[in-house]
Amino acid sequence: MSDADLAEIKNMVKIGALTAEDAKERERKGVLKQKDDVIQLADRLYPGQPVVFYEDNNLSAFKRNVKRKSFEQMLKDLDTKALGGVLAYDIDRLFRQPKDLERLIDHYQETNSGLVFHTLSGQNFDLTTADGRFSARIMVSVANKSSEDMSRRLKREMERMALAGEMAGGPRPFGWEEDRKTLRPKETKALDDMAEKVLQGDSVTTITDWLRDEGFVGRTGKPFVRSSVRRILLNPRNAGIRQFRGEPLKNEEGEYVRGPWEAPWSVDKWLAVKAAIEGPGASRAKVGPGHNTVRSILSGILRCGVCGTRMVAANSSRKYPKYRCAKDAGGCGNITISRAPVEDAIRGLVSDVLMAATAQKETEEVGPKWEKAAELAALEKEFSELHQLWKADKIKTTSYILGREKLEGEIDQLRGERAVALARPTKAPSLEVIKGGWDKLSIERQREVILSVLTAVMVATRKDTPAGGRMDRGIDHSRLTPVFKEQ
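The rules behind the values
Residues numbered from 1 in each chain as written. Predicted model: local features only at pLDDT ≥ 70, side-chain atom pairs only at ≥ 80, totals over all residues. Heavy atoms only, no water. pLDDT = per-residue confidence, 0-100. Contact = heavy atoms within 4.5 Å. Salt bridge = Lys/Arg side-chain N within 4 Å of Asp/Glu carboxyl O. Helix = DSSP H or I, 4+ residues; strand = E, 2+ residues; numbered from the N terminus. Buried < 20%, exposed > 50% of the residue type's maximum accessible area, 1.4 Å probe, protein only. Expected span 1.5 Å × (residues − 1). Arc of directions from axis to C-beta. Axes fitted to C-alpha atoms, helices over the stretch in contact; angles between N-to-C directions. Parallel < 35°, antiparallel > 145°, perpendicular 65-115°, else oblique. Nonpolar A, V, L, I, M, F, W, Y, C, P; charged D, E, K, R; others polar. Pairing = 2+ DSSP bridges. Core = buried A, V, L, I, M, F, W, Y, C linked by side-chain atoms within 4.5 Å.

Chemist: Describe in detail the confidence of the model for the protein chain, supporting the description with residues and values.
Modeler: Should the pLDDT be low somewhere, the predicted coordinates at that spot are not to be read in detail. Summing up the model confidence of the protein chain, the mean pLDDT is 79 and the portion of residues at 70 or higher is 78%. With pLDDT under 50 throughout, residues 283-292 is counted as low confidence; its partners more than four residues away or in other chains account for 25 contacts. The low-confidence segment residues 464-473, where pLDDT is below 50, has 15 contacts with residues more than four positions distant or belonging to other chains.

Chemist: Break down the pattern of salt bridges for me, with residues and values.
Modeler: The full count for this structure, using the stated rule, is 21 salt bridges. Ionic pairing is found between Arg68 and Asp100, a salt bridge with its closest N-O pair at 3.4 Å. On the criterion of sequence distance, the pair formed by Arg68 in the loop between helix H2 (20-45) and helix H3 (69-79) and Asp100 in helix H5 (residues 98-111) is long-range, its members being 32 residues apart. For Arg415, the salt bridge identified is with Glu380, shortest N-O distance 3.0 Å. With Arg415 in helix H13 (residues 397-423) and Glu380 in helix H12 (residues 373-391), this pair connects stretches of sequence that are 35 residues apart.

Chemist: With reference to specific residues and values, describe unusual backbone geometry.
Modeler: Of note in this structure, Lys81 is not a glycine but carries a positive phi near 60°. Looking at the secondary structure, you find Lys81 in the loop between H3 and strand S1 (85-88). The phi angle at Arg180 is positive, at roughly 65°, despite the residue not being glycine. Tracing the backbone through its elements, the reader meets Arg180 in the loop between helix H6 (130-163) and helix H7 (185-199). Exposure remark for Arg180: the relative accessible area of 14% places this residue in the buried category.

Chemist: So what about H12? Which residues, and what values?
Modeler: The first and last C-alpha atoms of H12 sit 27 Å apart over 19 residues, in line with the 27 Å expected at 1.5 Å per residue. Taken together, the buried positions of H12 are occupied by Leu376, Leu379, Phe383, Leu386 and His387. For H12, the angular spread of the buried residues around the axis is 100°, confining them to a single face. Facing away from the buried side of H12 by more than 90 degrees, the exposed set consists of Ala374 and Lys381. Where H12 terminates, the next one or two residues include Asp393, which has phi positive at roughly 60°.

Chemist: Explain the packing of helix H9 (residues 226-234) against helix H10 (residues 267-278) residue by residue, including any values.
Modeler: Where H9 meets H10, the axes come as close as 9 Å, and the angle between the chain directions of the two elements is 140°. Judged on the interaxial angle alone, H10 and H9 are oblique. Two secondary-structure elements touch here, H9 through Arg230, Leu233 and Leu234 and H10 through Trp270, Val273, Lys274, Ile277 and Glu278. For the contact of H9 with H10, the class distribution of residues is five nonpolar, no polar and three charged.

Chemist: Describe in detail the sheet that holds strand S8 (residues 336-338), supporting the description with residues and values.
Modeler: Strand order in the open sheet formed by three strands is S6-S7-S8, with antiparallel pairing between adjacent strands. Looking along the sheet, the strands with just one partner apiece sit at the ends: strand S6 (312-314) and S8. On average, each strand axis in the sheet is tilted by 35° relative to the strand beside it, whichever way the strands run. Relative to strand S7 (residues 322-324), S6 runs antiparallel, the two being bridged by three bridges. Across the sheet, Ala314 pairs through a bridge with Lys322, a residue of S7.

Chemist: Got a sec to walk through the nonpolar core? Specific residues and values, please.
Modeler: If you look at the biggest cluster of nonpolar residues, it comprises 30 residues, and the most contacted ones within it are Phe174, Met194, Val229 and Leu233. Put simply, the parts of the chain that give this core at least two residues each are H7, helix H8 (204-213), H9, H10 and H13. Among the elements that line this core, the one with the most residues is H10, at seven residues. Once residues within four sequence positions are removed from consideration, Met194 is found in contact with Phe174, Ile207, Trp210, Leu211, Val229, Ile232 and Leu233. Core analysis: the second largest hydrophobic core is formed by 26 residues, Ile297, Ile301, Leu302 and Cys304 among them.

Chemist: Describe in detail the pairing of strand S9 (residues 454-459), supporting the description with residues and values.
Modeler: As paired elements, strand S5 (residues 302-304) and S9 share three bridges and run parallel to each other. If you follow Arg303 over to S9, its bridge partner there is Met458.

Put into structure tokens, the structure is as follows:
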């Protein structure tokens, strides 16, 4: 099908005149109709000759970055002299870029073996003659100009729709019904839960596992993967923000353009989630405290009592997993300790410390604080003044754009930091542990609670354990020396 035909079908899907399934059926029928017409052309010109079909449905012949596999195969078959020529529905179905036509012309001129080229239009496109090549080049150039004009008009229309906050087409996003406007309650609840988990410190990997456990699947019916969950969490649509060319859209005043759909999150909540995933604190040391993708509770918290190196989880898939001082991480390799017993011991220690602190003084809920409010207000004022100067023609557009981009980046970063600071839980982790229990917490949250009490735990060798050291649940507690966080 032509680019214009495909664009018309996509527009009908966008306005609701066709469903996605109807659109696919219509595209397929169009291809079959063209195929039947080409068969009739072959029977009329070359009766009894076998015909090989090369079909690149839904692939644009105009876009330079699109590779048409069947077109490339056709050129290879011409090279091997497996074909006697090319029959096409029309020349603009085969070419929209002059360079592709020239590639085929090269085949015809280099082989010099009487290859044929015909279309249903009946025009002279005999690529073995100068006149035929001249006609083909003109028609392909016209088709290329037509596609460029259509592309420009579509981009301008999409930009207009985006700035106006109007709906665009596309598949159903997670959290919405098929109309892409109405929220789907179960998925909306999941979006809220996912945001809360991110702000509590859970990694995208942990949230992906949670979605699978809850039975959520993607549009294809397959379980979610980490990359798709990350896209869902970072989607500006969650806050009702319109996108253009993959970026959140802002108006002249620097405010986000809002779409006409129901939004489950506020802008601040989306900024908080975005900052938690992409912000400066999102990338941490491989096994350091608070690492966002660590898969064991005490990796990086336990330290080797011989060399001081952070210990890591090992033998995770075996019956008795351990923590070890790893030589490949710069350690001595002399210390190991069973994972489950040491985790239980440290959780018990931390619970005892937190419960004792709570007994002395009930943990008070402290209002969220953010210390950069004055800095943000100053930048927002500077942005407003810059915009007014440009509107009054007192500064050049180049200076305005450069200054605006710099200020927008700084303002967005501070707004994200503010959103994270104001959205994080205001109660100390101890209350959550005491009331909910360790088994209710993700690995990341368990680490956060442990690190609120301990900086590290030194693990001694068995031979360094004093005589009479207590053995409990398979672990000698005398091997563990907790390093408490300074208060």
